[in-house]
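For reference, the chains in residue letters:
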Amino acid sequence: MAVSIFDATQMESLRRARRLDPETIRRLRLHLLKRFVADEVALGAFPAADQIEIHSLQVTQRCDSAIDGATKLLLRTADGLPLETVILRPSTGRATVCVSSQVGCAAACEFCATGRMGIARSLSAAQILDQVLYAGQILATEDRRLRNVVFMGMGEPFHNEDAVFETIAQLTDPAWFGLSPGKILVSTVGIPEGMRRLAEQFPKVRQALSLHSVRTDVRERLIPLAKKFPLDELHRAITDVNRQTGAEVMIEYLLLAEINDSMTDAAELIVWLGGLDVHVNLIPYNTVEEAPELEASPPAKRQAFARRLKDAGIKTTMRYSLGNDIAAACGQLVRREARGRLPVQLIAEETQP
Ligand code: SF4
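Residues numbered from 1 in each chain as written. Predicted model: local features only at pLDDT ≥ 70, side-chain atom pairs only at ≥ 80, totals over all residues. Heavy atoms only, no water.

1. Overview of the overall build of the chain
We apply this condition: Secondary structure is summarised from DSSP: a helix means a run of H or I of at least four residues, a strand means a run of E of at least two, and numbering begins at the N terminus for each. Only C-alpha atoms enter the radius of gyration, while the globule expectation follows 2.2 Å times N to the 0.38, with N the number of residues. Here's how the labels work: a residue is buried when its accessible area is under 20% of the maximum for its type, exposed when over 50%, partly exposed in between, all with a 1.4 Å probe on protein chains only. For this analysis, residues touch if any pair of their heavy atoms sits within 4.5 Å.
Summing up its helical and strand segments, the chain has 12 helices and 15 strands in all. For a compact globule of 353 residues, the expected C-alpha radius of gyration is about 20 Å, and the chain comes in at 20 Å, within 12% of that figure. Dimensions of the chain along its principal axes, counting C-alpha atoms only, are 70 × 45 × 35 Å. Taking all 353 residues of the chain together, the buried fraction comes to 56%. Across the chain, the fraction of contacts at a sequence separation of at least 24, relative to all contacts at a separation of at least 6, is 68%.

The structure is reproduced here in structure tokens:
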């Protein structure tokens, strides 16, 4: 049976069985996980190439945006479950991969097509790492370097915490991917104990919280999981994460017309954020077929909301969405395959309002 390159124990067993020089394993990891060379190039000089499994996922479709450089990969697990990974190439040059941690998602957020799929299965660390590897290899063919890894794809990362933490450990290990922890962002809909554990184990990894409203009824409508974790608990969790990491928490706020975009909403948000070290990202909403009742806030309202927060001294950034055309072009195919797609609005790149 082939040995996964992400399985350190099996790789060591293979090394012993084939009496390989440890240097050959080190070189294989260097070429694949840091330089992101093509599989055949990395394996070319490896003495036991026939016994190595590089990819645990298969790419079944690639969609490239014609307008903004985003690429969506549709992948499949060995047992046929579909998932998505998105590569972003913002004008700043900081190429980013947005990975999925689960196939489907149990959080069931109203605005998210993935949430409508329900939970199918959590991915293993090797399956999450494989998404990073594919992205790195694609970018390497364009002479680009993968800079950031964000957990904003399908799934709630803290519902698959062990695998996500194992993934982060390998991503930041100098002997493996060797990424700086500050280049990794984990986005949650708000699981307080998960946020604290992440801050404790990986204090330099950045955290983002999808808040979307500080009114209990609105938040619970948008994020049913919020019923389990009330707003005051989340407030305490952010305070703790600020203290544990010494860093700000990103607050994701999706602007929805007539739901959470009024000046009263802004005022309540300002009060709620008092005393917290945060940076608010205001995100325009992209309609998903599954939730036609939700509409994006008009641009003027978004600008007014941002201005209100900034005037109150809150660090605020307006984002724009990347990959809108591929969401449309690939949406049909992806839904047919996966019955869902990434919440594209959550993978937007920063820009100034
Ligand atoms: S927004 Fe994130 S947490 Fe909510 S249902 Fe979608 S994938 Fe799950």
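2. Some words on the environment of Ser-56
Its location among the elements puts Ser-56 in the loop between strand 2 (52–53) and strand 3 (58–64). For the pair Ser-56 and Ser-124, spaced 68 residues apart in the sequence, the C-alpha separation amounts to 9.7 Å. Contact partners of Ser-56, with chain neighbours within four places excluded, come to Ala-78, Ala-126, Gln-127 and Asp-130.

3. Observations concerning the side chain of Ser-213
Heads up, the condition is: Distance and chemistry together define a polar contact, namely a pair of N or O atoms within 3.5 Å, with one atom able to donate a hydrogen and the other to accept it when in protein, and with adjacent residues in sequence counting only for side-chain atoms on both sides.
As for its position among the elements, Ser-213 is in the loop between strand 11 (206–210) and helix 8 (216–222). Of the polar contacts made by the side chain of Ser-213, one reaches the backbone nitrogen of Arg-215; its length is 3.0 Å. Those residues within four positions of Ser-213 in sequence are excluded, and the remaining contacts are Val-218, Arg-219, Leu-231 and Tyr-253.

4. Considering the domain arrangement of the chain
Here is the rule: For each domain, the first and last residues come from an automatic or database assignment. As used here, buried area is the combined drop in accessible area, with a 1.4 Å probe, of two parts when they are placed together.
Annotation of the chain at the domain level lists domain 1 (1–44) and domain 2 (56–351). Its C-alpha centre places domain 1 at a distance of 32 Å from the equivalent point of domain 2. When domain 1 packs against domain 2, close to 1100 Å² is buried across both sides, 66% of that on carbon and sulfur atoms. When the buried area of domain 1 at its contact with domain 2 is split by residue, Phe-6, Lys-34 and Phe-36 rank highest and sum to 62% of it. For the pair domain 1 and domain 2, the interface holds four residue pairs in polar contact (both at pLDDT 80 or more). For the side of domain 1 that touches domain 2, the element with the most residues is helix 2 (residues 22–34), which contributes four residues.

5. Some points on the nonpolar core
For clarity, the cut-off: Think of a nonpolar core as a cluster: buried Ala, Val, Leu, Ile, Met, Phe, Trp, Tyr and Cys residues, connected wherever their side-chain atoms sit within 4.5 Å.
Counting residues in each nonpolar core, the largest one holds 102 residues, and the members touching the most others are Ile-5 and Val-149. Broken down by element, the residue count for this core peaks at eight residues, all from helix 5 (residues 125–140). Dropping the residues within four chain positions of it, Val-149 is found in contact with Val-97, Val-99, Val-132, Leu-171, Leu-179, Lys-183, Ile-184 and Leu-185. Counting residues in hydrophobic clusters, the runner-up holds nine residues, among them Ala-70, Cys-98, Val-150 and Met-250.

6. A look at the packing of helix 5 against helix 6 (residues 161–172)
As a reminder of what qualifies: As a rule, the C-alpha atoms of each element are fitted with a line to give its axis, helices using only the stretch in contact, and angles between N-to-C directions run from 0 to 180 degrees. Any angle that falls under 35 degrees is termed roughly parallel, while one over 145 is termed roughly antiparallel, one within 65 to 115 roughly perpendicular, and all others oblique. Helix crossings fall into two classes, left-handed where the near helix is turned counterclockwise from the far one by less than a right angle and right-handed where it is turned clockwise. For this classification, the nonpolar set comprises Ala, Val, Leu, Ile, Met, Phe, Trp, Tyr, Cys and Pro, the charged set comprises Asp, Glu, Lys and Arg, and every other residue, Gly included, is treated as polar.
Relative to each other, helix 5 and helix 6 sit at 45 degrees, their axes nearing to 8 Å. On the basis of their axis angle, the class for helix 5 and helix 6 is oblique. Helix 6 is crossed by helix 5, and the crossing has right-handed handedness. Note on element contacts: helix 6 touches helix 5 through Ala-163, Val-164, Glu-166, Thr-167, Gln-170 and Leu-171, opposite Ala-125, Ile-128, Leu-129 and Val-132. Across the contact of helix 5 with helix 6, the residue classes break down as seven nonpolar, two polar and one charged.

7. Here we look at the pairing of strand 11
Quick note on the threshold: DSSP calls a pair of strands paired once it identifies at least 2 bridges connecting them. Whether a crossover is right-handed depends on one test, that the path from the first strand over the helix to the second runs clockwise when the strands point away from the viewer.
Among the five residues of strand 11, four are classified as buried, and the element is accordingly described as predominantly covered. With four bridges joining them, strand 10 (residues 184–188) and strand 11 adopt parallel strand pairing. Paired with Ser-187 across the two strands is Ala-208, which belongs to strand 11. Handedness of the crossover joining strand 10 and strand 11 through helix 7 (residues 192–201) is recorded here as right-handed. Strand direction decides the pairing type here: strand 11 and strand 12 (residues 249–255), joined by three bridges, are parallel. What sits directly across from Ala-208, in strand 12, is Met-250.

8. A word on the confidence of the model for the chain
The condition that has to hold: Looking at any residue, its pLDDT shows the predictor's confidence there, from 0 to 100.
When the pLDDT values of the chain are averaged, the result is 89; 91% of them are 70 or greater. Counted against residues more than four places away or in other chains, residues 331–336, with its pLDDT under 50, gives 13 contacts.

9. A closer look at unusual backbone geometry
Of note, the phi angle at Phe-36 is positive, near 55 degrees, even though the residue is not glycine. The topology assignment puts Phe-36 in the loop between helix 2 and helix 3 (39–44). Even without being a glycine, Asp-143 presents a positive backbone phi close to 60 degrees. As for its placement among the helices and strands, Asp-143 is situated in the loop between helix 5 and strand 9 (146–151).

10. What to know about the environment of Ala-120
Looking at where Ala-120 falls in the secondary structure, it is placed in strand 8 (residues 119–122). Excluding its chain neighbours within four sequence positions, the residues that come into contact with Ala-120 are Val-103 and Gly-104.

11. Regarding helix 2
Put simply, the rule is: Expected helix span is given by 1.5 Å per residue-to-residue step, counting one fewer step than there are residues.
Taking 1.5 Å per residue, 13 residues should reach 18 Å; helix 2 reaches 17 Å between its end C-alpha atoms and fits that length. If you check which residues of helix 2 are buried, you get Thr-24, Ile-25, Leu-28, Arg-29, Leu-30, Leu-32 and Leu-33. Its buried side turned inward, helix 2 meets helix 1 (8–17), helix 3, strand 2 and helix 5. Put simply, Asp-21 is the residue that caps the front of helix 2, since its side-chain oxygen is 2.9 Å from the backbone nitrogen of Glu-23. One or two steps after helix 2, the chain reaches Phe-36, where phi turns positive at roughly 55 degrees.

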